[in-house]
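Chain by chain, the residues:
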Amino acid sequence: MAHSLGVVMDPIEDITPYKDTTLALLLEAQRRGYTIHYFTMSDLFVADGVGYGNARTLSVADDNDHWFDYTSESQIVRLADLDTILMRKDPPFDTEYIYATYILELAENEGTLVVNRCDALRDVNEKMAINRFAHLCGPTLVARRADAFKRFIAQHHDVVLKPLDGMGGSRIFRVTEGNDNTSVILEVLTEHATHYAMAQAYLPEIKDGDKRVLLVDGEPVGYALARVPAEGELRGNLAAGGHGVGRELTEGDLKIAREVGPYVRDKGLLFVGLDVIGDKLTEINVTSPTCVRELEAQFDINICARLFDAIEKRLH
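Every chain is numbered independently, its residues counted from 1 as its sequence is written. Where totals are concerned, whole chains, interfaces and linings use all residues; where local detail is concerned, this predicted model gives features only for residues with pLDDT of at least 70, and gives and counts side-chain atom pairs only at 80 or more. Calculation of side-chain values draws on the structure's entire complement of heavy atoms; hydrogens and water are dropped beforehand.

S.K.: Help me understand the sheet that holds strand β17 (residues 280-285), please; the structure alone is not making it clear to me.
M.R.: Sheets are built from strands paired through backbone hydrogen bonds, the pairs being either parallel or antiparallel. Only when DSSP finds a minimum of two bridges between them are two strands counted as paired. Helix and strand assignments follow DSSP, with helices taken as H or I runs no shorter than four residues and strands as E runs no shorter than two, numbered in order from the N terminus. Taken in spatial order, the five strands line up as β15-β14-β13-β16-β17 in an open sheet, and their pairing is antiparallel. Looking at which strands have only one partner, the edges of the open sheet turn out to be β15 (243-248) and β17. Across the sheet, the axes of successive neighbouring strands diverge by a mean angle of 30°, strand direction being ignored. What counts as an axis is a line fitted to C-alpha atoms, over the stretch in contact for a helix, and the angles between N-to-C directions run from 0 to 180 degrees.

S.K.: Help me understand empty space enclosed by the protein in this model?
M.R.: Over the atoms a probe the size of a water molecule is rolled, and this reveals where empty space is left. Each cavity reported here is a set of points on a 1 Å grid over the protein atoms alone in which a 1.4 Å probe fits but cannot get out, each pocket an open set with protein on both sides within 12 Å along at least five of seven lines, and each lining residue one with an atom within 4 Å of a point. Grid points are joined across faces, edges and corners, and a volume is the space filled by probe spheres set on the points. Here the structure, examined in full by the defined rule, presents one cavity of 30 Å³ or more. Its boundaries defined by the atoms lining it, the largest cavity holds a volume of some 50 Å³. What lines the largest cavity is L25, L86, M87, R88, V115, N116, F271, V286, T287, P289 and L307.

S.K.: Please explain the environment of G252 as it appears in this structure.
M.R.: Locating G252 in the fold gives a position in helix α6 (residues 251-267). It is 8.2 Å that separates the C-alpha atoms of G252 and K280, two residues lying 28 residues apart in sequence.

S.K.: Sorry if this is basic, but what is going on with the layout of surface pockets here?
M.R.: Quantified by volume, the second largest pocket comes out at close to 180 Å³. Any residue that is not Ala, Val, Leu, Ile, Met, Phe, Trp, Tyr, Cys, Pro, Asp, Glu, Lys or Arg is counted as polar, Gly included; the first ten are nonpolar and the last four charged. When its residues are assigned to classes, the lining of the second largest pocket shows four nonpolar, two polar and four charged.

S.K.: Any chance you could explain the packing of aromatic side chains here in plain terms?
M.R.: Centre-to-centre distance and the angle between the planes together describe a pair of aromatic rings. In summary, the pairing rule links any two rings of Phe, Tyr or Trp, Trp by its six-membered ring, whose centres are within 6.5 Å, and it sorts them by plane angle into stacked for under 30 degrees, edge-to-face for over 60 and tilted for everything else. Scanning all chains against the criterion turns up eight aromatic pairs. Above the plane of the ring of Y202 lies R174, whose end atom (NZ or CZ) is 3.6 Å from the centre. In this scheme, the term charge over a ring applies when either NZ of a lysine or CZ of an arginine sits within 6 Å of the ring centre and within 35 degrees of the ring normal.

S.K.: I'm lost on the pattern of salt bridges in this one. Help?
M.R.: Note on pairing: side chains with opposite charge can pair once their charged atoms come close. Salt bridges are defined by distance alone: a side-chain nitrogen of Lys or Arg within 4 Å of a carboxyl oxygen of Asp or Glu. All told, the structure shown has 25 salt bridges when counted by the stated rule. The residue R151 makes a salt bridge to D147 at a minimum N-O spacing of 3.8 Å. Taken as a pair, R151 and D147 lie in helix α4 (residues 146-156) at a separation of four residues, close to a single helical turn. Given the relative accessible area of 30%, D147 is considered partly exposed. Between R212 and D275 there is a salt bridge, with its nearest N and O atoms 2.7 Å apart. Of this pair, R212 sits in strand β13 (residues 210-216) while D275 sits in strand β16 (residues 271-277), placing them 63 residues apart in sequence. In terms of burial, R212 and D275 fall into one category: buried. Overlapping salt bridges bring together E28, R31, R32, D309 and E312 as one network. With a 1.4 Å probe rolled over the protein chains alone, any residue whose accessible area is under 20% of its type maximum counts as buried; one over 50% counts as exposed, and the rest are partly exposed.

S.K.: Just to check I follow, could you spell out the environment of A55 for this structure?
M.R.: Locating A55 in the fold gives a position in strand β4 (residues 50-60). Take A55: its relative accessible area is 1%, and that puts it in the buried class. Residues A55 and I76, 21 residues apart in the sequence, show an inter-C-alpha distance of 6.1 Å. Excluding residues that lie within four positions of it along the chain, A55 makes contacts with H37, Y38, F39, E73, S74, Q75 and V77. Contact definition: two residues touch when any of their heavy atoms are within 4.5 Å.

S.K.: What exactly am I supposed to notice about the packing of α4 against helix α5 (residues 182-190) here?
M.R.: When two helices pack together, their arrangement is given by the angle between their axes and by how far apart the axes lie. For the pair α4 and α5, interaxial distance at closest approach is 10 Å and the crossing angle is 130°. Considered as vectors, α4 and α5 are oriented oblique to each other. In this structure, α4 meets α5 at a crossing whose hand is right-handed. Touching A146, F149, K150 and I153 of α4 are T182, S183, L186 and T190, all from α5. Put simply, angles under 35 degrees are roughly parallel, angles over 145 are roughly antiparallel, angles from 65 to 115 are roughly perpendicular, and the rest are oblique. In this scheme the crossing of two helices becomes right-handed for a clockwise turn of the near helix relative to the far one and left-handed for an anticlockwise turn of less than a right angle.

S.K.: I keep staring at unusual backbone geometry and nothing clicks. Help me out?
M.R.: Note: most peptide bonds trans; most residues except glycine with negative phi. Of the consecutive residues P91 and P92, the connecting peptide bond is found in the cis state with omega at 20°. Among the secondary structure elements, P92 is positioned in the loop between β7 (84-87) and α2 (95-108). In this chain, V115 is followed by N116 through a cis amide linkage whose omega measures 0°. Mapped onto the fold, N116 is located in the loop between β8 (113-115) and α3 (118-123). You will see that H157, though not glycine, has its phi angle at about 70°, which is positive. The topology assignment puts H157 in the loop between α4 and β10 (158-163).

See below:
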């Protein structure tokens, strides 16, 4: 029986095909015979308590020059008529994102499988969620006040500061004790103590890469993508110029995955990316985990097939 798939994502014409995980997922869906319905956030709406979207159907191709075609005109689709929906909109995780999850949840309540589950997307903040696993993390602080951050910097001497809603390495700062710019950085990050931010003790193992460990239905993929910072750069994020090196999971990686895996599975988070530096957990990515294409290119694995197997177990 052919299934119908919705995907909510950033504009498909703007992606980088050879490294886009969402495209890889759509290619796997197409191989399995799914009809693909494409939405951006602005296509979603609610009328009289029912979630709808202005959808166009897609065909996709593994081609860096021509990776998609629309196969229909835009038409209004009742979201609950779709078998499953992939929520793959990139952060920021802002109020608009939350509203979109409420719309998708209306379909979820009628039996549509949303990946990842809407209440879990709202509940498991990618930065804050690591505090449930503090024993797996390095020293971490979430605060607004500059004096709290300055005490943390005085205690740990070398720290990384970042916003709670960023992605791709945006607005990440490394600050050492005595830095003359500390007050300015804190003003920018917290918007003068009106927004929470995170501080983490600097982990020198970042030089060997910020590892992305993927979990499918709570189980780790056997390899991680170590995103190694460019020369003179703090951030390993590929969007910030890092390069990806595939590696087998270490015992430390597996220990983290085994502890976090049951939690995210029970939450209904079928596809999750853990960020690990050395043997410390630094983030739990649930909105639109990436690095699938890089890992599938380096190893004989099909991560997308594993995810769709997990999806289809829930559709039967």
